[in-house]
Amino acid sequence: AAALAYTRVLALEGIPAYAELTGGYFDAVEVAVFLNLLRLIDNRRQDVPLASVLRSPIGGFTAEELLTLRQEYGDGALIDIVAAASRGEDAIGEKARAFLARLARYRRDAAFYSLEEYLGYLLEDTGYYLFAGSLSGGPSRQANLEELLRRARAYEQGRNHTLAGFVRFMDRARSNDGFGAAQTPGMDVVRVLSVHKSKGLEFPVVIVAGLERKFHLRDLYRQ
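Residues numbered from 1 in each chain as written. Predicted model: local features only at pLDDT ≥ 70, side-chain atom pairs only at ≥ 80, totals over all residues. Heavy atoms only, no water.

### Points about the overall build of the protein
Looking only at helices and strands, the protein features ten helices and two strands. Counting from the amino terminus, the protein carries its helices and strands in the arrangement α-β-α-α-α-α-α-α-α-α-α-β. Relative to its full complement of 223 residues, the protein shows a buried share of 36%. In the protein, 59% of the contacts between residues at least 6 apart in sequence involve partners at least 24 apart. Accessible area of the protein: about 13,700 Å², with a carbon and sulfur share of 53%. (Helix = DSSP H or I, 4+ residues; strand = E, 2+ residues; numbered from the N terminus. Buried < 20%, exposed > 50% of the residue type's maximum accessible area, 1.4 Å probe, protein only. Contact = heavy atoms within 4.5 Å. Areas by Shrake-Rupley, 256 points an atom, 1.4 Å probe, with all protein chains shown as cover.)

Printed below as a string of structure tokens:
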């Protein structure tokens, strides 16, 4: 937990950081958004994944525009609200039409690719891979997305290699704390390690965090 907290603080300061954390993979926003896109392609009637993708560069909606959708088109299923908005002639209507058309195209195109190829196609067509690379810690973020392709390739070796099956597989992995964040060799980042993990390693600069805290001495007084 401490390593994850330090990593997030560094990221907020614009300093690329990496921590070897089991389960940290799914905390990465680029992974969460892209998996939500896969969920939507499989089933559009999921409000939370839909809101996530709409708010991302893939959907292109601002927070204010999503609020306007709710205010003007009611509180039903979000996909129905987007569909109603798509009939309008304003800027929001144009965005809604473009998004629904793209989502429909992605559903059709899924039949023409292997699972790994399909994920690669989505990353390229949405521009999300390039977008992730433009953010702070871009190489690390792109490595996380590339890890999805590797997982899809491994998943395809089984009998069931549908998109819906892959999404369920990744959901189970998240529940089991299955993956740590990806890292590419030689990545220029601040590595956040425990003292135990750092044994045998050498770095030109080392900062030991948390030394301002008192030692935990409770175990010394146990009988």
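### Notes on the pattern of salt bridges
By the definition in use, this model includes nine salt bridges. The salt bridge involving Asp-80 is made with Arg-45; its shortest N-O contact spans 2.8 Å. With Asp-80 in helix H5 (residues 78-85) and Arg-45 in the loop between helix H2 (29-42) and helix H3 (47-55), this pair connects stretches of sequence that are 35 residues apart. Across the pair Arg-105 and Asp-125 runs a salt bridge, and its minimum N-O distance is 3.1 Å. On the criterion of sequence distance, the pair formed by Arg-105 in helix H6 (residues 91-109) and Asp-125 in helix H7 (residues 115-126) is long-range, its members being 20 residues apart. The partly exposed category is assigned to Asp-125, whose relative accessible area is 30%. One continuous salt-bridge network, built from bridges that share partners, spans Glu-147, Arg-150 and Arg-151. (Salt bridge = Lys/Arg side-chain N within 4 Å of Asp/Glu carboxyl O.)

### Here's the deal with the nonpolar core
One finds Phe-34, Leu-38, Leu-119, Leu-148 and Phe-166 to be the most contacted residues of the largest nonpolar core, which totals 47 residues. With eight residues, H2 is the single largest residue contributor to this core. Every residue in contact with Leu-38, bar those within four places of it in the chain, is listed here: Leu-119, Leu-122, Leu-163, Phe-166 and Val-167. (Core = buried A, V, L, I, M, F, W, Y, C linked by side-chain atoms within 4.5 Å.)

### Some points on the environment of Val-48
With respect to the secondary-structure elements, Val-48 resides in helix H3. On the basis of relative accessibility, which here comes to 65%, the residue Val-48 falls in the exposed class. As a C-alpha pair, Val-48 and Asn-36 span twelve residues in sequence and 8.4 Å in three-dimensional space.

### Observations regarding the packing of aromatic side chains
In this structure the tally under the stated criterion is eight aromatic pairs. Pairwise contacts between aromatic rings join Tyr-106, Tyr-113, Tyr-118 and Tyr-121 into one cluster. The aromatic ring of Phe-61 is capped on one face by Lys-95, whose charged end is 5.7 Å from the ring centroid. (Phe/Tyr/Trp six-rings, centres within 6.5 Å; stacked < 30°, edge-to-face > 60°. Lys NZ or Arg CZ within 6 Å of the ring centre and 35° of its normal.)

### Observations concerning the side chain of Ser-56
As for its placement among the helices and strands, Ser-56 is situated in the loop between H3 and helix H4 (63-73). Using a relative accessible area of 7% as the deciding quantity, one classes Ser-56 as buried.

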